[in-house]
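# A closer look at the structure
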Amino acid sequence: MAPIRGASKPTGGSNSKSTIKKPYARKKPSTAAEPAPKQKRKFVPKTHTKAGVAVGNNKIKKKDPKKRRLADLAKLEKELPKLNMITPAGVVQPKGRKKGKVFVEDKERMMTILSRVNDSKDGQIQSKLERSRQLEVIRDARRKEEDARYEQRKSKMETAKDAVRNKRKRKNDDKGDGEERETPSKFIKKLTSKKKVSFA
Amino acid sequence: MRPLTDVETERLFEKLANYIGRNITHLIDRPDDPHCFRIQRDRVYYVRESIAKLATSVARDSLLSLGTCLGKFTKTGKFKLHVTALDHVAQHAKYKVWVKPNGEMPFLYGNNVVKAHVGRISEDTPEHQGVVVYSMNDTPLVSFAIVGVYAIMEC
């Protein structure tokens, strides 16, 4: 058989393999032509490792770390006992209310405050007036009582005076029956005149 | 400068009610010339609303006063009436005492009003009641006073 023309003989050496062109080998496309788009292989998840161990489901969606954290916290909160919480009374503020000072700007609120204040003040004034009226009544009663007592004492005195006068009158009347009646001037003279003693 | 809070308003009204009673409504409700109460630092002012609105453009630190000063809040939260409030209080005073001319000066020098110096007094004035003291020609004197027991009893 005649050797095929153009076919180079293997020269031998280490790189002889690379130079051998096999007739059935595919021809490489020319460098000038664009490389044909590679056909994408369909991704088939591995069910087993090379060692033959079954692989678990790796297709778990990774959550957003924030959400994950929140979920973890919520889970923790559920697990914690309720009694373990500390809520100081001064700190907790009801939601939906204004923070800080609440001003009185509308007239109605001012009026309600005013009416409340007025009621309390009126009550105080009324009680004061009532008390003063009661004291006045008591004072009047005491004054009347004192007056009555004074009158009574006065009348008693008058009766006593009258009795003394009548007594004296009666005495005088008794004496005047037998003797000559003494005139008041004579009586006074008699009282004022001193007894005189004369030596002979 | 800011409006008063609930508690502050109550304290202010309690004090004013000692002298003008229910007449506080005449201070609040003035449709012809609306006024309001404003607090700047610790002082309470009775201000015309238009002036109060203008005063919002002045910084708190630079605003010294506005309107009529009624009094001040102490650090313990009590309200003290100032003599500048006399104009408004004297107009609506509930209980009044008129002092004879010979008693004016002793009173203004800080002495009590003695019975001999009392010219007139409002009827049904209860004891220990806040009153406004006037001279006999209806000029409010520069002070508020508390009527003592004896003044009420003897007059």
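Definitions and cut-offs
Residues numbered from 1 in each chain as written. Chains lettered and ligands numbered in written order. Predicted model: local features only at pLDDT ≥ 70, side-chain atom pairs only at ≥ 80, totals over all residues. Heavy atoms only, no water. Helix = DSSP H or I, 4+ residues; strand = E, 2+ residues; numbered from the N terminus. Areas by Shrake-Rupley, 256 points an atom, 1.4 Å probe, with all protein chains shown as cover. Contact = heavy atoms within 4.5 Å. Buried area = accessible area lost by both parts, 1.4 Å probe. Salt bridge = Lys/Arg side-chain N within 4 Å of Asp/Glu carboxyl O. Polar contact = N/O pair within 3.5 Å; in protein donor to acceptor, adjacent residues only side chain to side chain. Nonpolar A, V, L, I, M, F, W, Y, C, P; charged D, E, K, R; others polar. Pairing = 2+ DSSP bridges. Axes fitted to C-alpha atoms, helices over the stretch in contact; angles between N-to-C directions. Buried < 20%, exposed > 50% of the residue type's maximum accessible area, 1.4 Å probe, protein only. Phe/Tyr/Trp six-rings, centres within 6.5 Å; stacked < 30°, edge-to-face > 60°. Lys NZ or Arg CZ within 6 Å of the ring centre and 35° of its normal. pLDDT = per-residue confidence, 0-100.

### Here we look at the overall build of chain A
Within chain A, the regular secondary structure consists of 4 helices and 0 strands. Across chain A, helices and strands are ordered from the amino to the carboxyl terminus as α-α-α-α. Accessible surface, chain A: about 21,600 Å² in total, of which carbon and sulfur atoms supply 56%.

### Side note on the interface of chain B and chain A
Across the boundary between the two partners, chain B contributes 27 residues, which contact 22 residues of chain A. The contact between chain B and chain A buries some 2,200 Å² in all, and 61% of this surface belongs to carbon and sulfur atoms. Considering only the side of chain B, the residues that lose the most area to chain A are Asp6, Arg22 and Ile28 of chain B, jointly responsible for 22% of the buried surface there. At the surface where chain B touches chain A, the tally comes to 6 salt bridges. Notably, a salt bridge pairs Arg131 of chain A with Glu127 of chain B, separated by 3.6 Å at the nearest N-O pair. Taken together, the links from chain B to chain A amount to 8 residue pairs in polar contact (both at pLDDT 80 or more). Of all the secondary-structure elements, those providing two or more residues to the side of chain B that touches chain A are helix H1 (6-20), helix H2 (24-28) and strand S1 (35-40) of chain B. For the side of chain B that touches chain A, the element with the highest residue contribution is H1 of chain B, accounting for 7 residues. Classifying every residue of the side of chain B that touches chain A gives 10 nonpolar, 7 polar and 10 charged.

### What about the sheet that holds strand S2 (residues 43-48) of chain B?
Residues and elements named next belong to chain B. As summarised here, the arrangement of the 4 strands in space is S1-S2-S3-S4, forming an open sheet in which the pairing is antiparallel. Bordering the open sheet on either side are S1 and strand S4 (79-81), each of which pairs with just one other strand. On average, each strand axis in the sheet is tilted by 30° relative to the strand beside it, whichever way the strands run. As paired strands, strand S3 (residues 68-73) and S4 are joined by 3 bridges and run antiparallel to one another. Bridge pairing in S4 places Gly71 opposite Leu81. Relative to S4, H1 is tilted by about 35°, and along the sheet it contacts S1, S2, S3 and S4.

### Comments concerning the pairing of strand S5 (residues 96-99) of chain B
Side-chain direction in a regular strand flips from residue to residue, so the side chains alternate between the two faces of the sheet. The sheet contact formed by S5 of chain B and strand S7 (residues 130-135) of chain B spans 4 bridges and is parallel. From the neighbouring strand, Lys96 of chain B faces S7 of chain B, where its bridge partner is Val132 of chain B.

### Points about the environment of Ser122 of chain B
Residues and elements named next belong to chain B. Along the chain, Ser122 turns up in the loop between strand S6 (118-121) and S7. Placed 24 residues apart in sequence, Ser122 and Trp98 show a C-alpha to C-alpha distance of 8.8 Å. Those residues within four positions of Ser122 in sequence are excluded, and the remaining contacts are Lys94, Tyr95, Lys96 and Trp98.

### Describing the environment of Pro3 of chain B
Within the element layout of this structure, Pro3 of chain B appears in the segment before H1. Given a relative accessible area of 9%, Pro3 of chain B falls into the buried group. Considered as a pair, Pro3 of chain B and Cys36 of chain B are 33 residues apart in the sequence and their alpha carbons are 8.3 Å apart. When neighbours within four sequence positions are excluded, Pro3 of chain B is seen to be in contact with Phe103, Val104 and Glu105 of chain A together with Phe37, Arg38 and Ile39 of chain B.

### Quick look at the packing of aromatic side chains
Residue and element names in this part refer to chain B. Evaluated as defined, the whole model comprises 4 aromatic pairs over all chains. Between Phe13 and Phe37 the ring centres are 6.0 Å apart and the planes differ by 70°, which places this aromatic pair in the edge-to-face class. With a gap of 24 residues between them, Phe13 in helix H1 and Phe37 in strand S1 connect regions that are remote in the sequence. For Phe13, a relative accessible area of 0% corresponds to the buried category. Put simply, the rings of Phe13, Phe37 and Tyr46 touch in pairs and so form one group of aromatic residues. In this structure, Arg120 is placed above the aromatic ring of Trp98, and the distance from its NZ or CZ to the ring centre is 4.1 Å.

### Some words on the confidence of the model for chain B
Residues and elements named next belong to chain B. The pLDDT averaged across chain B works out to 88; a share of 91% of its residues lies at or above 70. Taken element by element, chain B is modelled with least confidence in helix H6 (residues 149-154), mean pLDDT 45, and with most confidence in S2, mean pLDDT 96. Below a pLDDT of 50 lies the segment residues 149-155, which in the model reaches 11 contacts outside its immediate sequence neighbourhood of four places, other chains included. Both confidence scores are given for the complex: pTM 0.59, ipTM 0.84.

### Remarks on the pattern of salt bridges
The final tally for this structure, using the stated rule, is 14 salt bridges over all chains. We note a salt bridge from Arg139 of chain A to Glu136 of chain A, for which the minimum N-O separation is 3.0 Å. Here Glu136 of chain A and Arg139 of chain A lie together in helix H3 (residues 107-175), a separation of 3 residues that amounts to about one turn. According to the relative accessible area criterion, Glu136 of chain A is partly exposed, its value standing at 35%. The salt bridge partner of Glu8 of chain B is Arg2 of chain B, with a shortest N-O separation of 3.0 Å. For the residue pair Glu8 of chain B and Arg2 of chain B, the accessibility class agrees, reading buried in each case.

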